[in-house]
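Okay, here's what each chain looks like letter by letter:
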Amino acid sequence: MTQNTTVKDQLQRPLRDLRISVTDRCNFRCSYCMPAEIFGAGYAFLGHEKLLTFEELTRLTSIFTQLGVEKIRITGGEPLLRRDIPKLVSMINEIDRVKDIALTTNGSLLSKLAGNLHKSGLHRVTVSLDSLDNDRFATMNGVGYQVKPILEGIEAASKAGMSVKINMVVKKGTNDSDIIPMAHYFKEKGHTLRFIEYMDVGNSNGWKLDQVVPNQFIVDQIHAVMPLEPIEPNYYGEVASRYRYVGTDTEIGLISSVTQAFCSSCTRARLSAEGRLFTCLFASQGTDLRTPLREGFSDEQLMDLISKVWSKRDDHYSEERLSNTIIHVNKPEMSYLGG
Ligand code: SAM
Ligand code: SF4
Ligand code: SF4
């Protein structure tokens, strides 16, 4: 298939990014994502036969690129739990129109996999880490995991040749005291640290607005001890606002989905591990692509289906939340859909 169509949604936003969740399972139980009391032993995760295979994922990704997608992010659940994940990276890398492929991980298996991931063509990895304090980190990840192996994973990825960013979700009263130590540590290491406002994803984390630390507060706090200067976005639709430590090349990023919604330039589609297409992190419904895929739809038919879904898209939930006009009640879990 050689066709290449740019598809725009109801708010004239093109389709540029695809986030692929490769599993809904995780070895962590972060309180803001998969609280242990809900995602316990009896929780019904997807059976293996329900997950899209690597061949199905690659075929769909290729079709998405015909509609304008250039950037791919592999996520989960914990993507490094999916067997042979470097293989998927190399399969996606072979698709001509894929310009960028990245992966978000909790870092626990990164020391082991960094070399193979890099060999498969992964140049960028984002590692989630919410604290450098063992006790706080252990509580936040819900399984008592320690900080050291994550830092070792970050080092391994960096040594393997990947550029590494760190994601820190800040929750008021939980890890706001870690902002400065994290900023200081990753400034010294030269890795970009991105602060993510705690979001009301899913229905199980008990989110409250007063638990959100506005990112402007974080910038001010860091600037007071390590001066920062703003820098321009890299590209249209970049979600993080960027700052650089004065006199260095090291940056921080701020993903302010709650206090400064960026829906107007949101070009991201999300594919759940079982092949449902979501046009927003907060959409209550996704479109099943697995059934048509397994029932023998041609590439053209699948492309037509995806194109129709994107053309109808009018999601702008974070803006609605900001203006207090709506609160969705039946939202997909972040671990199911991928961050
Ligand atoms: N397991 C991997 C990880 O933790 O990096 C990938 C999946 S995780 C769902 C993707 C990102 O979503 C992580 O950086 C995580 O911190 C973030 N995240 C999860 N729940 C969140 C929430 N309620 N608010 C803001 N970010 C959240
Ligand atoms: Fe797992 Fe990532 Fe969710 Fe934490 S944020 S529970 S590591 S999927
Ligand atoms: Fe995109 Fe939905 Fe987030 Fe807005 S709320 S930025 S439309 S994913």
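All figures in this text were calculated on a predicted structure; none of them were measured in a lab.

A.B. asks: So what's going on with the overall build of the chain? Residues and values would help.
C.D. replies: The secondary structure content of the chain amounts to 11 helices and 12 strands. In terms of overall dimensions, the chain is globule-like: its C-alpha atoms have a radius of gyration of 19 Å, near the 20 Å expected for 339 residues. Viewed in the frame of its principal axes, the chain has a C-alpha envelope of about 55 × 45 × 45 Å. Counting across all 339 residues of the chain, residues that qualify as buried make up 56%. In the form shown here, the chain has an accessible surface area of approximately 14,700 Å², with 50% of it arising from carbon and sulfur atoms.

A.B. asks: Please give an account of the packing of aromatic side chains that cites residues and values.
C.D. replies: What the rule picks out here adds up to 6 aromatic pairs. Between Phe28 and Tyr145 the ring centres are 5.0 Å apart and the planes differ by 50 degrees, which places this aromatic pair in the tilted class. Separated by 117 residues along the polypeptide, Phe28 in the loop between strand E1 (17–21) and helix H1 (54–66) and Tyr145 in the loop between helix H4 (134–141) and helix H5 (148–160) bring together distant segments of the chain. The buried category is assigned to Phe28, whose relative accessible area is 2%. Each residue in the set Phe28, Phe137 and Tyr145 is aromatic and connected to the rest through ring pairs, giving one cluster.

A.B. asks: Could you give an account of the site of ligand 1, with specific residues and numbers?
C.D. replies: Taken together, 20 residues are adjacent to ligand 1, and Tyr32, Gly77, Ser128, Asn167 and Met199 come closest. A distance of 3.2 Å separates a nitrogen atom of ligand 1 from a polar side-chain atom of Glu78. Burial of ligand 1 by the surrounding chains reaches 95%, relative to a free accessible area of 540 Å². When contributions to the shell around ligand 1 are tallied by element, the ones reaching two or more residues are strand E3 (100–105), strand E5 (163–170) and strand E6 (192–197). For the shell around ligand 1, the per-class residue count stands at 8 nonpolar, 10 polar and 2 charged.

A.B. asks: How would you explain the sheet that holds E1 if you had to name every residue and give the values?
C.D. replies: What the 12 strands build is an open sheet, ordered E7-E8-E9-E6-E5-E4-E3-E2-E1-E10-E11-E12; its pairing is mixed. Two strands bound the open sheet, and with one partner strand each, they are strand E7 (228–231) and strand E12 (287–288). Bridging between E1 and strand E10 (residues 268–271) involves 4 bridges; their strand directions are parallel. Looking across to E10, one finds that Ile20 is bridged to Leu271. The sheet contacts of helix H2 (residues 85–93) involve E1, strand E2 (71–75) and E3, and relative to E2 the element is tilted by about 170 degrees.

Definitions and cut-offs
- Residues numbered from 1 in each chain as written.
- Chains lettered and ligands numbered in written order.
- Predicted model: local features only at pLDDT ≥ 70, side-chain atom pairs only at ≥ 80, totals over all residues.
- Heavy atoms only, no water.
- Helix = DSSP H or I, 4+ residues; strand = E, 2+ residues; numbered from the N terminus.
- Rg over C-alpha atoms; globule rule 2.2 N^0.38 Å.
- Buried < 20%, exposed > 50% of the residue type's maximum accessible area, 1.4 Å probe, protein only.
- Areas by Shrake-Rupley, 256 points an atom, 1.4 Å probe, with all protein chains shown as cover.
- Phe/Tyr/Trp six-rings, centres within 6.5 Å; stacked < 30°, edge-to-face > 60°.
- Near = heavy atom within 4 Å.
- Polar contact = N/O pair within 3.5 Å; in protein donor to acceptor, adjacent residues only side chain to side chain.
- Nonpolar A, V, L, I, M, F, W, Y, C, P; charged D, E, K, R; others polar.
- Pairing = 2+ DSSP bridges.
- Contact = heavy atoms within 4.5 Å.
- Axes fitted to C-alpha atoms, helices over the stretch in contact; angles between N-to-C directions.

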